[in-house]
Each structure stands twice: as C-alpha cells, then as structure tokens.
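Residue strings, one per chain:
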Amino acid sequence: MLAPRRHGSALISLTALLVAAGATSASAHGIGPAADKSAPEFLWLGTEHMLLGWDHLLFVAAVLLLAGSARRAAALISLFALGHSTTLLIATLAGWRVNPVAVDVIVALSLVFAGVVGLLGAGERRWFAPAVACFGLVHGLGLATRLQDLDLPDDGKVARVLAFNVGVEIGQMAAIAVFVALAAGARRLPPQLRPEGRGIRVAQAALVACGVAAAATLVVLGDTSGTAQAQGSCQVRDRTESFTGDSGHPKDFTEPGEPAPESGFGNVIGDGYVIVQYRPQLPAADMDALRDHVTDPKSGRVVGGPAPDQKPVLKAVHAYLTLTCTEFDLEALREFTGAWRADPRMRQVG
C-alpha cells in the first residue's frame, strides 16, 4: 500500500528535493543534440530526458502522494503514461507543433493542480483520474514539439520516436522504483521522525508554490501566444522552418558565392545555435557588419549562410522562434540572438 500515513515521509523528502531542483530552472527540460543519433541511442536519450525532468517527476510524486493505495497508484500512473505516449507518438509523426512555452506553463500548472487537490483532500474523487490522463496528453505534446525541433531525418524516424518513448517509460519506472524503495525504507524510521499529515500538507503547499513560480517565470521569459511580434523592422514568430541534417557542422559564416549550407544547419539547431540566412545581394557594408556579428564569439552560437530564394532580406531561426526582416536590421538580429543566449531553454537544448 502507498497510503500517505505510512509512506508520506519519503515522498515528502523527494518532493522537497524536486521542488528545490525546479526552483533553479523554471523552464521545462529540453532535449539535447540528437539529430545524428541512432534509434538505440534514442532509448537512452528518452530515459535521460525523463530522469532530468524535474517537472515530470514532481507530478509523478504528487500523484503517488494522492493515490492512497498501490493499485490506484498503478492505475493513475498508467493513465498518465498512456496520455503522454499517445500524443508523443502521434504528434511527432504527424508533424503537429504547439508553442513549447505554453505547454511548459500548463505543465507547471499541473503541479499547482495536484497540490491544491491534495490540500483539499480531493484525491479520491472520480474526476482526478481523467485529469491525470489529460495532463499526460499535454506532457506528450511538449515532448513531441521538442523532438520535432531536432529535425529528425525521415529515414528511421518512426524507430527513433518509438525508442525515445520506450526510454521515457523506462526512466519513469526507474524513478517510481526509487520512490517506492524510499517509501518502504521510511517505514523503519522511528515514529517521531515521520512527518505524517502536517508534512504531507507542507509538501503539497510547496508543489503549489513551485508551480505558480515556474508558470509566472515562463510567462515573463517567453511568448505563449504563438503570434508574431514586432521587433524593429522585423517580426518574431514561432518557428516553423525545418532543416535537414545529412552533412557535417557548417562553418561559422558562408559567403554569398558559396553553396548554401542548409543541410548542415539541421545538425546545429538542436545544439542551441541561431541560424542566420541572408539575401546574397546585401550591400557590402551590411554584409561586413553581418559577418562580424555572426563570427563574433560574444554573439554566442550563431552560424550564417546565403539564401538566394528567400523573400525576407534577413532571417534568423533558433529552436523555438524565427525572426524575419524585410529590411537589413542588425540591431534586431542582435536583440534576437541576445535574447536566445539569455534564455534558459538555450542551455537545455544545447
């Protein structure tokens, strides 16, 4: 049995540790560079992604706190796994994309939901199980969007996605095994060291606080509307561009007369790079200024190359957003790359 009175101590400790981890990064976990990895490697990538996902693990810990019994815990976790596996597989293979920041906000609010349910003592209500399944669907959409950010090649995509999903489930089961083992060990503690009812309520209140703080931070840091925003003479919108990844790492700046290195861009966008594409007819002074910006180490991870057929004079793309400029606007580009360099998601993607 996973009754809160008997096993709350270990779950409270785990919740506190995960809340502390979540406080260090409001943004949900990203997926590191993986465009060139094989299907078996995606199995480990999914496992690692799950074990590093403080938001996901916090929600699982909250569900275990509210389950009340081993049978109900297994049913709730199965519903959650079914939800995120369904949307992960379908959305990735169908190419459905959502605003990742909006998903991260909903994931953070799922912690608020679980904490409030616990504080109200409503974990036994019938509607709680469908709510867990719905949050699983949302978690899966976030995972699917991040997988698509890697621009996986069509050859072997299904195998990679399936392997990643299996890895996610392995990671989740490993985390649950640790939760259960620690909960069992907590039964051996002296009664005075077991923070029973009051401690559980403290953990649930901490979940609410962590979720609210994470959601508020995400709203401040990122645009959740999915609509274009003006930035000087340019527009910023959600990224829809994709790049193949069948060649090596492109050089920092490809000159106008050289072949456009689009196939190499797919190998670096998953590493947290900003890809700059420009019309090769730029005036010499603008070209020199652009080259200096792209190759300047202070600009961060930036690569650039010509795009003779594109309509915008200047375009910059990173894992989440796209900047398009009808006129050459170096200041807007600097602001765009600087904002990405300061974004917590850049460190998680790269």
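These numbers come from a predicted model, not from an experiment. (Residues numbered from 1 in each chain as written. Predicted model: local features only at pLDDT ≥ 70, side-chain atom pairs only at ≥ 80, totals over all residues. Heavy atoms only, no water.)

Draft legend 1. The arrangement of the overall build of the protein in detail. Secondary structure summary: the protein contains 12 helices and 6 strands in total. Taking contacts inside the protein between residues at least 6 apart in sequence as the whole, the part at least 24 apart equals 79%. Of the roughly 15,300 Å² that the protein leaves accessible, carbon and sulfur atoms contribute 62%. (Helix = DSSP H or I, 4+ residues; strand = E, 2+ residues; numbered from the N terminus. Contact = heavy atoms within 4.5 Å. Areas by Shrake-Rupley, 256 points an atom, 1.4 Å probe, with all protein chains shown as cover.)

Draft legend 2. The arrangement of the packing of aromatic side chains in detail. Per the counting criterion, the structure on display carries 7 aromatic pairs. Their ring planes at 45 degrees and their centres at 5.1 Å tell us that Phe59 and Phe80 sit as a pair that is tilted. Here the residue Phe59 occupies a position in helix α3 (residues 54-67), and Phe80 occupies one in helix α4 (residues 70-94), the gap between them amounting to 21 residues. For the pair formed by Phe59 and Phe80, the shared burial category is buried. Between Phe59 and Phe135 the ring centres are 5.7 Å apart and the planes differ by 65 degrees, which places this aromatic pair in the edge-to-face class. One end of the pair, Phe59, is in helix α3; the other, Phe135, is in helix α6 (residues 128-149), with 76 residues separating them in the sequence. (Phe/Tyr/Trp six-rings, centres within 6.5 Å; stacked < 30°, edge-to-face > 60°. Buried < 20%, exposed > 50% of the residue type's maximum accessible area, 1.4 Å probe, protein only.)

Draft legend 3. Spatial organisation of the state of the cysteines. Counted by the stated rule, this structure contains 1 disulfide. Cys234 shares a disulfide with Cys325; S-S distance 1.9 Å. When the S-S torsion is 105 degrees, as for the bridge of Cys234 with Cys325, the disulfide is right-handed. Highlighted residues: Cys234 in strand β2 (residues 234-238) and Cys325 in strand β6 (residues 321-325), separated in sequence by 91 residues. Note on accessibility: Cys234 and Cys325 belong to one class, buried. (Disulfide = S-S within 2.5 Å.)

Draft legend 4. Representation of the nonpolar core within the structure. Membership of the largest hydrophobic core comes to 32 residues, with the highest contact counts inside it found for Phe59, Val60, Leu76 and Val132. When residues of this core are traced back to their parent elements, those giving at least two are α3, α4, α5 (100-120), α6, α7 (157-186) and α8 (197-221). No other element matches α3, which puts 10 residues into this core. Every residue in contact with Leu76, bar those within four places of it in the chain, is listed here: Val63, Ala67, Phe128, Ala129 and Val132. (Core = buried A, V, L, I, M, F, W, Y, C linked by side-chain atoms within 4.5 Å.)

Draft legend 5. Broad picture of the confidence of the model for the protein. The predicted model of the protein has a mean per-residue pLDDT of 79, with 77% of residues at 70 or higher. Low pLDDT (under 50) marks residues 3-10, which in the prediction has 23 contacts with non-local residues, meaning those over four places away or in another chain. The low-confidence segment residues 19-28, where pLDDT is below 50, has 21 contacts with residues more than four positions distant or belonging to other chains. (pLDDT = per-residue confidence, 0-100.)

Draft legend 6. Highlighting the pattern of salt bridges. Tallied over the full model, the rule gives 6 salt bridges. Measuring nitrogen to oxygen at the nearest pair gives 3.5 Å for the salt bridge that ties Glu241 to Lys315. Here Glu241, found in the loop between β2 and α9 (262-265), pairs with Lys315, found in strand β5 (residues 314-317); they are 74 residues apart in sequence, far enough to count as distant. Both residues of the pair, Glu241 and Lys315, belong to the buried class. A salt bridge links Lys251 to Glu258, with the shortest nitrogen-to-oxygen separation between them at 2.8 Å. With a relative accessible area of 43%, Lys251 lands in the partly exposed category. Each of Arg237, Glu241 and Lys315 takes part in one network of salt bridges that share partners. (Salt bridge = Lys/Arg side-chain N within 4 Å of Asp/Glu carboxyl O.)

Draft legend 7. Fine view of α3. The end-to-end C-alpha separation of α3 is 20 Å, in line with the 20 Å expected for 14 residues at 1.5 Å each. Taking burial as the measure, the 14 residues of α3 include 14 buried ones, the bulk of the element. (Expected span 1.5 Å × (residues − 1).)

Draft legend 8. Geometry of a nonpolar patch on the surface. A contiguous nonpolar surface patch, about 220 Å² in accessible area, is contributed by Leu43, Val166 and Ile170. For Leu43, a relative accessible area of 33% gives the class partly exposed. (Patch = residues over 30% accessible without salt bridge, like charges linked within 9 Å, V, L, I, M, F, W, Y side chains within 5 Å.)

Draft legend 9. Up close: helix α10 (residues 284-295). Helix length check: α10 (12 residues) gives 16 Å between terminal C-alpha atoms against 16 Å at 1.5 Å per residue, within 8%. Every buried residue of α10 is listed here: Met287, Leu290, His293 and Val294. Projected down its long axis, α10 carries its buried residues within an arc of 130 degrees, all on one side. Pointing more than 90 degrees away from the buried face of α10 are the exposed residues Ala284, Ala285 and Asp292. (Arc of directions from axis to C-beta.)

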